[in-house]
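# An overview of the molecular structure
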2 protein chains.
Amino acid sequence: MTGDAPWSISGTTRLLAVIGDPVRQVQAPALLNPLLNRPGTDAVLVPVHARPDDLPDVVRGLQRAGNVDGLLITVPHKAAARAFADGLSPAVRLSGSTNALRREPDGRWYAENFDGAGFVAGLRAAGHAPEGRRVMLVGGGGAGSAIAAALLGAGAARLTVCEPDRQRREALLARLSRVWPGRLAGRGVPDPEGADLAVNATPLGLGPGDPLPFAPKTLEPGAVVADIIMKPRDTALLKSAAALGHPVHHGVHMLTRQLDLYREFFRLAPDR
Amino acid sequence: MTGDAPWSISGTTRLLAVIGDPVRQVQAPALLNPLLNRPGTDAVLVPVHARPDDLPDVVRGLQRAGNVDGLLITVPHKAAARAFADGLSPAVRLSGSTNALRREPDGRWYAENFDGAGFVAGLRAAGHAPEGRRVMLVGGGGAGSAIAAALLGAGAARLTVCEPDRQRREALLARLSRVWPGRLAGRGVPDPEGADLAVNATPLGLGPGDPLPFAPKTLEPGAVVADIIMKPRDTALLKSAAALGHPVHHGVHMLTRQLDLYREFFRLAPDR
């Protein structure tokens, strides 16, 4: 029996799920489970694959389960997920994007977003502080929206949202401009002019045949190239940028820097 | 990282869930997970707590999730669970009870019941072969129905179903009598007269304050007393019966004898 072994799962174990489409690339179970399943914390994080049409059924089903305490939300569900929340954090209201849902003691569900805070913390730890940066952000979806808000909040001088979906782009710019007027621009296609930090916040790079989200050769010399794709670690974008001499910043930093935030949010035992 | 460690859970891990109300007492995760998470089998079994009103939402949600391959069903959902199946095994048709649901390659869900086969195999292994037995079965619900069919199929001479819900009792007797006429009786209350095997197939004994499902002192001398409650291992019924000198048979045998059946059903790697 495994009752006393590490990684034991029993009838008392509480559940967290990370929901995505696809889900096979998620890193959160490998990173978080060592913190969840040990003396004092009887919980496990499992991947759950939900296609967009099935998301409402899958999320509602998990929310109805009595031992599911929280959900992590990843691509492509970050915008849709707030429909399943009874309360929204300021980061969710500003970005329109959710990457964590928690069951409150009263049974209501609260939506939070740590992508932005995690991304900025990762940049800082790597020596790429965002203060004064001129940013090209490619992709104004769930993660991109959260990263945009966090970069502006952290002091980026200028941020250009490059997003082909005009309605999505304008809605994001409108929300952000209310808080940070005069520092934003929008483009339908990538526009690297003057940028010293270029961020891919699209899913391009998850699939082996994906096109590059933008062409690194059009960047200014020395511009930092960051990706939010975690798997593969070295995306085609980052390989191409590195070959051109650009400093690169890997996607996994955004997640590893969120671990402490998740632990606090899900009320898990502190690290020891 | 835990990528190469035993018990690693990643984005590629397939899910099985055991659904009950309560669920904290289930033994299946501790028994099955050591078989699921090892080279060649990337799967994990987690407990899911669903109250009866929430069962449809919870089950449908799990069935919509692309990486959920199967469900185990426990008290009190075994009768309700077949509503979520597209196909039923003979054991499910006969007993009206489901304890396992599997996603077929074509996406349909198939219902099976291993409680009866597991219970009978456990009895045999303990030296209490069912052939020729006169059985008092207390409880005609999900597990009880499956055990009744398996005991009759294994050669029990006579079986009295003691179940206060008249409609449930008569429906079960009607289904079983078609296959095994002349060997069945029904009672509204426990009737130990002439029985040499007495089985508790009710949930009484799960809770610390539960009354006994029947009074062991009314049994014939030497009658075997079996319980299907797994936790606590020594229920008040079994303790009381043992104190009176009756051979007792613990609930966990029904499950441990089902492990090979589950592995085959869920198409998991064979034991090595």
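Notes on the structure follow. (Residues numbered from 1 in each chain as written. Chains lettered and ligands numbered in written order. Predicted model: local features only at pLDDT ≥ 70, side-chain atom pairs only at ≥ 80, totals over all residues.)

## Here's the deal with the overall build of chain A
For chain A, the helix and strand inventory stands at nine helices and 13 strands. Against the globule reference of 19 Å for 272 residues, chain A gives a C-alpha radius of gyration of 19 Å, in line with a compact fold. Overall size of chain A, expressed as C-alpha extent along the three principal axes, is 60 × 35 × 35 Å. Taking all 272 residues of chain A together, 49% fall into the buried category. (Helix = DSSP H or I, 4+ residues; strand = E, 2+ residues; numbered from the N terminus. Rg over C-alpha atoms; globule rule 2.2 N^0.38 Å. Buried ≥ 20, exposed ≤ 12 C-beta atoms within 10 Å, placed from the backbone.)

## Looking at the environment of V120 of chain A
Residues and elements named next belong to chain A. Secondary-structure assignment places V120 in helix α4 (residues 115-125). Sequence-wise, V120 and A150 are 30 residues apart; in three dimensions their C-alpha atoms are separated by 6.7 Å. Those residues in contact with V120 that lie beyond four places of it in its chain are P130, A150, L151 and A154. (Contact = placed C-beta atoms within 7 Å.)

## Side note on the sheet that holds strand β5 (residues 87-88) of chain B
Residues and elements named next belong to chain B. The strand order across the open sheet built from seven strands is β2-β3-β1-β4-β6-β7-β5, with neighbouring strands paired in mixed fashion. Of all the strands in the sheet, just β2 (37-38) and β5 have a single pairing partner and so form its edges. For β2 and strand β3 (residues 41-49), the ladder comprises two bridges, and the chain directions are antiparallel. Counterpart to R38 in the pairing with β3 is T41. Taken strand by strand, helix α1 (residues 28-36) contacts β1 (14-20), β2, β3 and β4 (68-73), and its axis lies near 165° from that of β3. (Pairing = 2+ DSSP bridges. Axes fitted to C-alpha atoms, helices over the stretch in contact; angles between N-to-C directions.)

## Points about helix α2 (residues 55-64) of chain B
By the burial criterion, the buried members of α2 of chain B are L55, V58, V59, G61, L62 and R64 of chain B. For α2 of chain B, the elements touching its buried residues are α2 (55-64) of chain A together with β1, β3 and β4 of chain B.

## Quick word on the sheet that holds strand β9 (residues 158-162) of chain A
Residue and element names in this part refer to chain A. Here six strands make up an open sheet; going across it, the order is β10-β9-β8-β11-β12-β13 and the pairing parallel. The open sheet has two edge strands, β10 (184-187) and β13 (248-249), and neither has a second partner. Across four bridges, the pairing between strand β8 (residues 134-138) and strand β11 (residues 197-200) is parallel. By the bridge assignment for β11, M136 is matched with A198.

## Section: the interface of chain A and chain B
Between chain A and chain B, the contact holds 36 residues from the first and 36 residues from the second. Contributing elements (two or more residues each) for the side of chain A that touches chain B: α1 (28-36), β3 (41-49) and α2 of chain A. In terms of residue count, the dominant contributor to the side of chain A that touches chain B is α2 of chain A (six residues). Residue composition of the side of chain A that touches chain B, by class: 17 nonpolar, 13 polar and six charged. (Nonpolar A, V, L, I, M, F, W, Y, C, P; charged D, E, K, R; others polar.)

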